[in-house]
Amino acid sequence: MKGRKARGQILYPRHIAVIMDGNGRWAKKRLLPRGAGHRAGLKRMLELTEHAFLSGARYLTLYALSAENLQRPKEELDGLYALFRDYFSGNVSTLIKKGIRLKVIGDMSLLPPDIVELIANGERETAAGKGGLLILAIAYGARQEIVAAVNRAVSAGRAVDEAQFSSLLKTDGVPDPDLLIRTGKEQRLSNFLLWQSAYTELYFSDKMFPDFTSADFDRAVSDFLERDRRYGKLTPESEVII
Ligand code: FPP
């Protein structure tokens, strides 16, 4: 899908964030183990990543594992860690080829050290990419991120304004998401990008993540393009009406 013009602006969302929810229910419906749902989710994630950047997004942030998800049973976490290992050892060369830079946000101290090392290598090897930024949120929690930023400001002994506070977050330098998509029928943020999504447009899909196709992604973007983003102000049109 190509970006199009509305009210004189090119409007393909620059930054899209996705809560990839519903892998477990997708598997359960098929009488498969939860791990099979995560594997199907990874396949979909690869497709959507390519699609989003080809379509015009410059930043894509994917919620792959919340800090709270780390309390899931060991068997499920081990399956997810195996997928992370596969992903970071097998996909970095594709990202390099496509010029996509990789960044991981989250609490690395909560992850197995070998995965932390694979992540660091992936970030280093893709650092020169100019075609887009793929941000994976792994062992991520927005409240934890905010508290860490507050503590950094306090220990520096300085009051901060909004821009300075933003620069203390893990998304320093990344524009706030324009559109946040959540699959899997739930309608909540689940501790994802709470500060950054203050004015983000939200889109909820009933589809489970492994079923959420590129065409569904395009529908979410089309829906976004129809919206009137006012950031709490009046648009010229609404000024006329009032
Ligand atoms: C939420 O669905 C999804 C996850 C906790 C894992 C998401 C992981 C992937 C899409 C693939 C691997 C990612 C990388 C970065 C290699 P859920 O299990 O909570 O679904 P449910 O609500 O139906 O139980």
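A.B. asks: Sorry, what's going on with the sheet that holds strand 3 (residues 15-19) here?
C.D. replies: Either a parallel or an antiparallel arrangement is found when strands of a sheet pair, and the pairing is made through backbone hydrogen bonds. One open sheet holds the six strands; their spatial order is 5-6-4-3-7-8, and the pairing between them is parallel. Edge positions in the sheet fall to strand 5 (100-105) and strand 8 (201-204), since each has one partner strand and no second. Between one strand axis and the next, the sheet turns by 20° as a mean value, whatever way the strands run. Pairing of strand 7 (residues 179-182) with strand 8 involves four bridges; the strand directions are parallel. Along strand 8, the bridge assignment pairs Ile 181 with Tyr 203.

A.B. asks: How do you make sense of the pairing of strand 6 (residues 132-140) when you look at a structure like this?
C.D. replies: For a regular strand, the rule is simple: side chains alternate between the two faces of the sheet. In terms of burial, strand 6 is largely enclosed, as nine of its nine residues are buried. The pairing of strand 4 (residues 59-66) with strand 6 spans seven bridges and is classified as parallel. Across the sheet, residue Leu 65 finds its bridge partner in strand 6, namely Ile 138.

A.B. asks: I tried to follow the site of the ligand on my own but got confused; where do I start?
C.D. replies: Contacts to the ligand come from 17 residues, most closely from Asp 21, Gly 24, Arg 25, Arg 34 and Arg 72. Contacts to the ligand include Gly 22, whose backbone N or O atom sits 3.3 Å from an oxygen atom. At 2.8 Å from an oxygen atom of the ligand is found a side-chain nitrogen or oxygen belonging to Arg 34. Within the complex, the protein chains bury 93% of what would otherwise be the 630 Å² of accessible surface of the ligand. Where the shell around the ligand is concerned, the elements lending two or more residues are helix 1 (23-29), helix 2 (34-55) and helix 3 (74-90).

What counts, and at which threshold
- Residues numbered from 1 in each chain as written.
- Predicted model: local features only at pLDDT ≥ 70, side-chain atom pairs only at ≥ 80, totals over all residues.
- Heavy atoms only, no water.
- Pairing = 2+ DSSP bridges.
- Helix = DSSP H or I, 4+ residues; strand = E, 2+ residues; numbered from the N terminus.
- Axes fitted to C-alpha atoms, helices over the stretch in contact; angles between N-to-C directions.
- Buried < 20%, exposed > 50% of the residue type's maximum accessible area, 1.4 Å probe, protein only.
- Near = heavy atom within 4 Å.
- Polar contact = N/O pair within 3.5 Å; in protein donor to acceptor, adjacent residues only side chain to side chain.
- Areas by Shrake-Rupley, 256 points an atom, 1.4 Å probe, with all protein chains shown as cover.

Note that all results are geometric; they support no functional claim without further evidence.
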